[in-house]
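Here is how the chains run, residue by residue.
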Amino acid sequence: LQREAAHYFGYVYFRQVKDSSMKRGYFQKSLVLVSRLPYVNLFQSLLQLIAPEYFDKLEPCLEAVCNEIDQWPPPAPGQTLNLPGMGVVIQGLVRIPSRVDKPGSSPVKQFNQENLLPAPLVLPSIHELDLFRCFQPVLIHIQMLWELMLLGEPIVIMAPSPTVSSEMVLALTSCLAPLRYCCDYRPYFTIHDSEFKEYTTRTQAPPNIVVGVTNPFFIKTLQHWPHILRVGELRMSGDLPKQVKVKKLAKLKTLDTKPGIYTSYKTFLHKDKTLIKRLLKGIQRKRPSEVQSALLRRHLLELTQSFIIPLEHYIASLMPLQRAITPWKNPPQIRPFRQEDFMKTLEHAGPQLTCVLKGDWLGLYRRFFRSPNFDGCLMAMGREVQKEMSLKKTVLSPQNIVAWMKDKSEVEIVDLVLKLREKLVRARCQHLPVKEETLQRVGLYIETIISSLPEDLQAVLHHH
């Protein structure tokens, strides 16, 4: 959930009040919190506490808050924290997300409130947006948006405010979970950004990026982009907002262009009408927004999993045979990914096994192979396979090790001991994602090997 160190996220609290000292004047000021972490709910909630006090008391208040934040423990994946700030403890689920978390599955836990400051602020999630509220105007096009994000297509979000543009961009980038969105995205882009000329030029194709903008000027300068989503204010009401229509890009001409999706893209898969009906019924029954969001997130998760599971199975089949993996040799190479070989597997082990949606799955895969997301997906899955191979390489049975030692020289056996010890030290010092049980088993293997050696060598290795 953390982007490259070169990128930062800015969280803003904007205040505008009538200034009595000026005719028709307003006092406008913003407080901005900058972080490398995309924890939207946490930092926006923190700003809601800090900003009103800051505007009244100015620097002394900000200094006190910064001192409190300096005492916060460093974020650790899977860890739950109580974070004091402005006389309130932000608690509940201030749980730092882990890569093994399932989207929307983190339960709100009960915490011991002893030694806590009064009025704890409970956050059900520190990073997940209200997906249903963001996607309400485009519910009937959710399938199209998911495909555009999967394929890494250039998309412009034109919104009435930075908040709306930012939330829509972040909601879109999160809808591919657990697949990582590997293209760039700018929740709020302005004419002052350094890439302005690059994005508005018509001499080259737009980059693979999702851009959120608010300036009507962009309607004219970004007309050559293939997919433009114009949205209004995001409001949560009892009735379903009017659904935006898909329109031709040629109609995107005037600055007062109506909300809609301006694109010529044709989806590979059919719409899930069952999901739409279920969400509409939820609105009629006044189902809570968090429940609606959970339904929507679950649908997108299952859709993405149906798409990537065949890829995972095929990449796993490229692994070398178990008997080729030994602890005393370098891991054998994974066989190369061949697109046509993969496509042949889809007839019997494709997405149709886990997903009811019909359509041109083969066409979607072929288009996906040309997108930056495929390269990122392949690299991520390759790393997982390498980790699994490394684990299998280390976790062999004592019987196999004893059998291997029968025809090996003492030099080769000592070399194996040193290699296993090096792996053990590296796993512990670098906190590699290896179970403690596995580490203990490797330690026992080392002892088994040493005990088979002459006493003088045993003494040297134990001392070493």
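Residues numbered from 1 in each chain as written. Predicted model: local features only at pLDDT ≥ 70, side-chain atom pairs only at ≥ 80, totals over all residues. Heavy atoms only, no water.

Asks: Help me understand the overall build of the protein, please; the structure alone is not making it clear to me.
Replies: Of regular secondary structure, the protein possesses 16 helices and eleven strands. Going through the 464 residues of the protein one by one, you find that 43% of them count as buried. Considering only contacts within the protein whose residues lie at least 6 apart along the sequence, 69% involve residues at least 24 apart. As displayed, the protein offers around 26,100 Å² of accessible surface, 54% of which is attributable to carbon and sulfur atoms. (Helix = DSSP H or I, 4+ residues; strand = E, 2+ residues; numbered from the N terminus. Buried < 20%, exposed > 50% of the residue type's maximum accessible area, 1.4 Å probe, protein only. Contact = heavy atoms within 4.5 Å. Areas by Shrake-Rupley, 256 points an atom, 1.4 Å probe, with all protein chains shown as cover.)

Asks: What should I look at first to understand a nonpolar patch on the surface in this one?
Replies: Side chains of Tyr-8, Val-12, Phe-14, Val-32 and Val-34 sit close together on the surface and give an oily, nonpolar patch of about 500 Å² of accessible area. Broken down by secondary-structure element, the contributors of at least two residues to the nonpolar patch are β1 (9-18) and β2 (26-35). Tracing the sequence through the fold places Tyr-8 in the segment before β1. (Patch = residues over 30% accessible without salt bridge, like charges linked within 9 Å, V, L, I, M, F, W, Y side chains within 5 Å. Salt bridge = Lys/Arg side-chain N within 4 Å of Asp/Glu carboxyl O.)

Asks: Please clarify how helix α5 (residues 162-174) should be interpreted in this entry.
Replies: Each turn of an α-helix holds 3.6 residues, which means side chains three or four residues apart point in the same direction. Helix length check: α5, at 13 residues, gives a terminal C-alpha distance of 18 Å against a target of 18 Å (1.5 Å per residue), a fit within 8%. Of all 13 residues making up α5, ten are buried, and the element is well covered by its neighbours. Residues Val-164, Ser-165, Ser-166, Glu-167, Met-168, Val-169, Leu-170, Ala-171, Leu-172 and Thr-173 constitute the buried set of α5. (Expected span 1.5 Å × (residues − 1).)

Asks: Just to check I follow, could you spell out the environment of Glu-447 for this structure?
Replies: Here Glu-447 lies in helix α15 (residues 436-451). Considered as a pair, Glu-447 and His-462 are 15 residues apart in the sequence and their alpha carbons are 9.3 Å apart.

Asks: Just to check I follow, could you spell out the pattern of salt bridges for this structure?
Replies: A side chain of one charge can pair with a side chain of the opposite charge if their charged atoms are brought near each other. Per the counting criterion, the structure on display carries six salt bridges. The closest approach of N and O atoms between Arg-367 and Glu-153, which form a salt bridge, is 3.3 Å. Of this pair, Arg-367 sits in helix α11 (residues 361-368) while Glu-153 is found in the loop between α4 (142-150) and β6 (155-158), placing the two residues 214 residues apart along the sequence. The partly exposed category is assigned to Arg-367, whose relative accessible area is 25%. With a closest N to O distance of 3.2 Å, Arg-298 and Glu-302 form a salt bridge.

Asks: Can you walk me through the sheet that holds strand β7 (residues 184-186) in this structure?
Replies: Strand pairing in a sheet takes place through backbone hydrogen bonds and is either antiparallel or parallel in direction. Sheet architecture is open: six strands sit in the order β7-β8-β6-β9-β11-β10, paired in mixed fashion. Looking at the sheet topology across the chains shown, the edges are occupied by β7 and β10 (245-247). Strand-to-strand twist of the sheet, defined as the mean angle between neighbouring strand axes without regard to direction, takes the value 15°. Taken strand by strand, α5 contacts β6, β7, β8 (209-213) and β9 (227-230), and its axis lies near 160° from that of β8. (Pairing = 2+ DSSP bridges. Axes fitted to C-alpha atoms, helices over the stretch in contact; angles between N-to-C directions.)

Asks: It is not clear to me how a positive patch on the surface should be interpreted in this structure. Could you clarify?
Replies: Residues Lys-242, Lys-245, Lys-248, Lys-251, Lys-258 and Lys-266 make up a contiguous surface patch of positive charge. The topology assignment puts Lys-248 in the loop between β10 and β11 (260-263). (Lys, Arg positive; Asp, Glu negative; His and termini not counted. Charge placed at Lys NZ, Arg CZ, Asp CG, Glu CD.)

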